[in-house]
Amino acid sequence: MMKKHICLTLVLLALTGSTLVAGERVITLEEVIAMARTRSVDAAVALNELKTAYWEYRTFKADLLPEVNFSASVPSYNKNYSSYQLDDGSYTFVPNNYLGLNETLSIDQNIWFTGGTLSLATSLDYMMQLDGNRDRRFMSVPVALTLSQPLFSVNHTKWKRKIEPVRYEEAKASFISATEEVTMKAISHFFNLLLAKESVLISRQNLENAEKLYEVAVAKREMGQISENDLRQLELNVLEAKSRLTDNESELKSKMFSLRSFLALSSDESLDPELPASLPEFQLRYSDVLEKALANNSFVKNIRRRQLEADYAVAAAKGERTQIDLFVQFGMTDTDRKIAGAYQQMKMNQVVQVGLEIPILDWGKRKGKVKVAESNREVVRSRLQQEEQDFQQDLFILVEHFNNQQEQLQLASKADEIAQKRYDTNVETFMIGKISTLDLNDSQSRKDEARQKYIQELFYYWYYYYQIRSLTLWDFVQDTNIDADFENLIHR
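None of the values given here were measured: they were computed from a predicted structure.

## So, the overall build of the chain
Scanning the chain from N- to C-terminus turns up 10 helices and 10 strands. In terms of C-alpha radius of gyration, the chain reaches 40 Å, well past the compact-globule figure of 23 Å for 492 residues. Summarising its shape, the C-alpha atoms of the chain cover approximately 140 × 50 × 45 Å along the three principal directions. Expressed as a percentage of the 492 residues in the chain, the buried residues total 39%. In the form shown here, the chain has an accessible surface area of approximately 28,500 Å², with 53% of it arising from carbon and sulfur atoms.

Shown next, in the form of structure tokens:
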């Protein structure tokens, strides 16, 4: 009866896990993910990068709208000498001493389809001599229409209208991907802590069992039922269990510190991770995953942007070979000693100017720039083709890993259950002297390894799932796009 009582006690010890420190905050994987997306430094960095891209895009759009500008010099004072040519062809220097004022109000509009600039302006100039007769004059330009237009050169504004929207869409997709990558980091921290917690629980349970087994072994040795070697082995097991517990407790503190730091929690908050109970169980088809990745992923938009930028560089190099600039201005003007008189008798004010720069002999410099830009474009195309192939290959492997992981997780769960039952049985068998301490130690090691492997396989399952989400920007559980309220995020 005594032996049966001891066996029953040890079995209960083997099947009952000890708990962590009371007062800990139980935290689930879903809670960690939610906090990581709002509180972590990585999430803040992703949001600031999105805001930077947004304001860069807003700046580009503002360049396409009319711009009102006011410029003035109030006042401009000049007292100097300037050269003056006399009737006989000789030069002399004459003194200048005057006060000048200038005000100009203009509306400027970039013309995206031609690359030129159209301006409508009004201006008033005032000059007063401070020496001699101290004359004063006003010159008004009530209205002047000015066109500045480069001919045959690259239209920078038109190219920006192609590139900048793609760049902003890339930034938005990158933000959502970065949010999912934050989730992946949160999963890693969570399962690291969970694995460390399980290691501590296992170590404590193993230490309690080792101490109980050693106490029983001492009694059995006194009765001559076990050898001295088995007794010393059980004593050694106690020492090793204490050592492993100490190491695992230190590792638990380290992993808890890492998770708290990642979530920006206080350093005195103790966390108790809860093993996820439910899993999204489904199989993915590579063709469906690839289709969603090509439609949503920032990598695809990145490829498109880099292709456009390479084409833009070639167009810019070709545009430098011949430069012709057209400047045309039409308006009215008048001058008078009084400001009112400067607006009474308007005269035409017309300027037409064509600037021309054609290289006669540049030793192939401009042609070389074009060839360099074209070569760089081919290099970019080759790299993009290789990157696209690598992307699709990595995505295929990831889908295979995720689909296989469901079976791996089921096998690990079954192995964990069997290993625990085997260890419980071996404890009972050892008590009646039918197996050695080596067999008992082996079953304990297998039990511990099976439990840890199950948690690792669970981690891989969640990690693969969110990695696929980050690449496709698709929620396969809800079967919908992963989107965000970008206006609210940017202006909050």
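## Let's talk about empty space enclosed by the protein
Scanning the entire structure with this criterion turns up one cavity of 30 Å³ or more. There is about 30 Å³ of room inside the largest cavity. Elements supplying a minimum of two residues to the lining of the largest cavity: α3 (41-63) and α4 (156-222). Its residues assigned to classes, the lining of the largest cavity comprises three nonpolar, no polar and three charged.

## As for unusual backbone geometry
For Phe 152, which is not glycine, the phi torsion reads 70° and is therefore positive. Within the fold, Phe 152 resides in the loop between β5 (136-151) and α4. Accessibility expressed as a relative area gives 66% for Phe 152, which makes it exposed. The residue Asp 479 is not glycine, and still its phi comes out positive at about 55°. As for its position among the elements, Asp 479 is in the loop between β9 (474-475) and β10 (480-481).

## Some points on the environment of Asn 97
With respect to the element layout, Asn 97 can be found in strand β3 (residues 91-111). Assessed through its relative accessible area of 8%, Asn 97 is described here as buried. For the pair Asn 97 and Asn 78, spaced 19 residues apart in sequence, the C-alpha separation works out to 5.6 Å. In this structure Asn 97 touches Tyr 77, Asn 78, Lys 79, Met 128, Gln 129, Leu 130 and Asp 131, once residues within four positions along its chain are discounted. Engagement of the side chain of Asn 97 in a polar contact is seen with the side chain of Tyr 77, the distance being 3.2 Å.

## Looking at the packing of helix α8 (residues 365-431) against helix α9 (residues 437-472)
Contact geometry for α8 and α9: axes closest at 7 Å, N-to-C directions at 155°. One way to sum up the angle between α8 and α9 is to call them roughly antiparallel. With respect to the hand of their crossing, α8 and α9 are arranged in left-handed fashion. Here the contact of α8 with α9 is built from residues that sort into 22 nonpolar, 11 polar and nine charged.

## Side note on the packing of aromatic side chains
Using the criterion set out here, one finds 22 aromatic pairs in the structure. Pairing Phe 175 with Phe 486 gives two aromatic rings, centres 6.3 Å apart and planes at 65°, and the pair type is edge-to-face. Taken together, the residues span a long stretch of sequence, with Phe 175 in helix α4 and Phe 486 in helix α10 (residues 486-491) at a distance of 311 residues. Overall, Phe 175 belongs to the buried group, its relative accessible area being 10%. These aromatic residues form a ring-pair network of at least three members: Phe 190, Phe 191, Phe 459, Tyr 460, Tyr 463 and Tyr 464. Above the plane of the ring of Trp 112 lies Arg 161, whose end atom (NZ or CZ) is 3.8 Å from the centre. The aromatic ring of Phe 486 is capped on one face by Lys 172, whose charged end is 5.3 Å from the ring centroid.

Cut-offs and rules
Residues numbered from 1 in each chain as written. Predicted model: local features only at pLDDT ≥ 70, side-chain atom pairs only at ≥ 80, totals over all residues. Heavy atoms only, no water. Helix = DSSP H or I, 4+ residues; strand = E, 2+ residues; numbered from the N terminus. Rg over C-alpha atoms; globule rule 2.2 N^0.38 Å. Buried < 20%, exposed > 50% of the residue type's maximum accessible area, 1.4 Å probe, protein only. Areas by Shrake-Rupley, 256 points an atom, 1.4 Å probe, with all protein chains shown as cover. 1 Å grid on protein atoms, 1.4 Å probe; cavity = no way out; pocket = protein on both sides within 12 Å on 5 of 7 lines; lining within 4 Å. Points joined across faces, edges and corners; volume = space filled by probe spheres on them. Nonpolar A, V, L, I, M, F, W, Y, C, P; charged D, E, K, R; others polar. Contact = heavy atoms within 4.5 Å. Polar contact = N/O pair within 3.5 Å; in protein donor to acceptor, adjacent residues only side chain to side chain. Axes fitted to C-alpha atoms, helices over the stretch in contact; angles between N-to-C directions. Parallel < 35°, antiparallel > 145°, perpendicular 65-115°, else oblique. Left-handed = near helix turned anticlockwise from the far one by under 90°. Phe/Tyr/Trp six-rings, centres within 6.5 Å; stacked < 30°, edge-to-face > 60°. Lys NZ or Arg CZ within 6 Å of the ring centre and 35° of its normal.

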